[in-house]
Amino acid sequence: MRADGPPTAATTYVLIPGAGGSAEYWRLLVDELRRRGRAAVAVDLPAADEHAALPEYADTVRAAVDGHRDVTLVAQSLGAFTAPLVADHPAVRLLVLVNPMIPAPGETAGDWWAATGHAPARAAYAAAQGRDPDADVDLAVDFFHDVPEEVTAPMLAAGGSPESPAVFTRPNPLRRWPDVPTRVVSGRDDRFFPLEFQRRLARERLGVAPDDLPGGHLLALSQPALLADRLEAYRREV
């Protein structure tokens, strides 16, 4: 489906968070999209339920899509495992993955790390920047390094959100990538999923080249206006 001109007011962005499953991650982007006259729905995933896995996550997102007729589905990081399971919904016109864990069909989120070579890619990028390549993951260093302090402080003070272990271990029902236009947005300064790592993964698994923006892993917090610009540009293309 192609629409000429800017997206219509009926366009709805349904936003899938990454690890921890909190809709709070999207709050700045939601405000930015609504200022532009767009509807935006940030989804809270049942990440605190230790028995919830990808099918339950997908059911939650599908319920958020229901009732809308023109949806752009946006997924952050781990959310890329859930998004393709919902993209067959007839309302979904476009799928946008942001700094994503792009899954292969049937691959679990637990197996993804070794299968993609994430650890050596992250270590090599850290070394190239003069950081300790063997350091443990640190929220402030790896995720919030480019997020404004007034945004970072309350989120770090609140602590990390739990993630259901079943998401990483239960089978992934994805059998093939959905037939819906898919775009990838990568942070040029992402320390957790380095840009070249993301480019390789997007090329190998989707056959697409990511569009990159200045910023790290949490683009919706560090660059909400630029991310909104990119989402709106994508919507004009489909």
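Residues numbered from 1 in each chain as written. Predicted model: local features only at pLDDT ≥ 70, side-chain atom pairs only at ≥ 80, totals over all residues. Heavy atoms only, no water.

S.K.: I tried to follow the overall build of the chain on my own but got confused; where do I start?
M.R.: The number of helices and strands found in the chain is eleven helices and six strands. Compactness check: the chain gives a C-alpha radius of gyration of 17 Å against a globular reference of 18 Å for 238 residues, within 12% of the reference. Taken along the three principal axes of its C-alpha coordinates, the chain extends 50 × 35 × 35 Å. Expressed as a percentage of its 238 residues, the buried residues of the chain come to 52%. Of the contacts made within the chain by residues no fewer than 6 positions apart, 72% connect residues no fewer than 24 positions apart. Put simply, the chain shows about 10,200 Å² of open surface, and 52% of that area lies on carbon and sulfur atoms. (Helix = DSSP H or I, 4+ residues; strand = E, 2+ residues; numbered from the N terminus. Rg over C-alpha atoms; globule rule 2.2 N^0.38 Å. Buried < 20%, exposed > 50% of the residue type's maximum accessible area, 1.4 Å probe, protein only. Contact = heavy atoms within 4.5 Å. Areas by Shrake-Rupley, 256 points an atom, 1.4 Å probe, with all protein chains shown as cover.)

S.K.: Explain the nonpolar core to me, please; I cannot follow it from the model alone.
M.R.: Within soluble globular proteins, side chains that are nonpolar generally end up buried alongside one another. W26, L29, V61, V65, L73, L97 and L227 are the most contacted members of the largest nonpolar core, which totals 69 residues. Ignoring anything within four residues of it in the chain, the contact list for V61 reads V14, I16, V43, L45, L73, T82 and V86. (Core = buried A, V, L, I, M, F, W, Y, C linked by side-chain atoms within 4.5 Å.)

S.K.: Sorry if this is basic, but what is going on with the environment of V141 here?
M.R.: Within the secondary structure, V141 is located in helix α6 (residues 139–143). According to the relative accessible area criterion, V141 is partly exposed, its value standing at 35%. Spatially, the C-alpha atom of V141 lies 17 Å from that of P214, the residues being 73 residues apart in sequence. When sequence neighbours within four positions are dropped, the list of residues in contact with V141 reads R131 and R191.

S.K.: What exactly am I supposed to notice about the side chain of R122 here?
M.R.: Of note, R122 is situated in helix α5 (residues 118–128). A relative accessible area of 15% means that R122 is categorised as buried. Of the polar contacts made by the side chain of R122, one reaches the side chain of D142; its length is 3.4 Å. If we ignore the near neighbours within four places in the chain, the residues touching R122 are A135, D136, V137, D142, R191, F192 and P194. (Polar contact = N/O pair within 3.5 Å; in protein donor to acceptor, adjacent residues only side chain to side chain.)

S.K.: Mind showing me how you'd approach the pairing of strand β3 (residues 71–76) here?
M.R.: Along any regular strand, the residues point their side chains to alternate faces of the sheet. For β3, the tally of buried residues reaches six of six residues, placing the bulk of the element in the interior. Both faces of β3 are covered, namely the face carrying V71, L73 and A75 and the face carrying T72, V74 and Q76. Note that β3 and strand β4 (residues 92–98) share six bridges and pair parallel. Note that in β4 the partner of V71 across the bridge is V92. (Pairing = 2+ DSSP bridges.)

S.K.: Explain the sheet that holds strand β2 (residues 39–42) to me, please; I cannot follow it from the model alone.
M.R.: Taken together, six strands build an open sheet; the order of strands is β2-β1-β3-β4-β5-β6 and the sheet is parallel. Each having just a single partner strand, β2 and β6 (211–213) make up the two edges of the open sheet. Taking the axes of each pair of neighbouring strands and ignoring which way they run, one obtains an average angle of 20 degrees across the sheet. In this structure, strand β1 (residues 12–16) lies alongside β3, joined through five bridges in parallel fashion. When the bridges of β3 are listed, L15 appears paired with V74. Helix α1 (residues 27–35) contacts β1 and β2 of the sheet and is inclined by roughly 165 degrees relative to β2. Helix α2 (residues 54–65) contacts β1, β2, β3 and β4 of the sheet and is inclined by roughly 165 degrees relative to β1. (Axes fitted to C-alpha atoms, helices over the stretch in contact; angles between N-to-C directions.)

S.K.: Is there a simple way to think about helix α9 (residues 195–206) in this case?
M.R.: Because each turn of an α-helix spans 3.6 residues, side chains separated by three or four positions end up pointing in the same direction. Counted at 1.5 Å a residue, the expected span for α9 with its twelve residues is 16 Å, and the 16 Å between its end C-alpha atoms agrees. Inspection of α9 places L195, F197, Q198, L201, A202 and L206 among the buried residues, and these make up the whole buried set. Along the long axis of α9, the arc covered by the buried residues comes to 155 degrees, so they all point the same way. Away from its buried face by more than 90 degrees, α9 exposes E196, R203 and E204. Check the buried side of α9 and you find it contacts β4, α4 (109–116), α5, β5 (182–187) and β6. (Expected span 1.5 Å × (residues − 1). Arc of directions from axis to C-beta.)

S.K.: What exactly am I supposed to notice about the packing of α4 against α9 here?
M.R.: To describe two helices that pack against each other, one gives the angle between their axes and the distance between the axes. Where α4 meets α9, the axes come as close as 12 Å, and the angle between the chain directions of the two elements is 105 degrees. With respect to their mutual orientation, α4 and α9 come out roughly perpendicular. Residues W112, A115 and T116 of α4 pack against F197, R200, L201 and R205 of α9. Looking at the contact of α4 with α9, its residues break down into four nonpolar, one polar and two charged. (Parallel < 35°, antiparallel > 145°, perpendicular 65-115°, else oblique. Nonpolar A, V, L, I, M, F, W, Y, C, P; charged D, E, K, R; others polar.)

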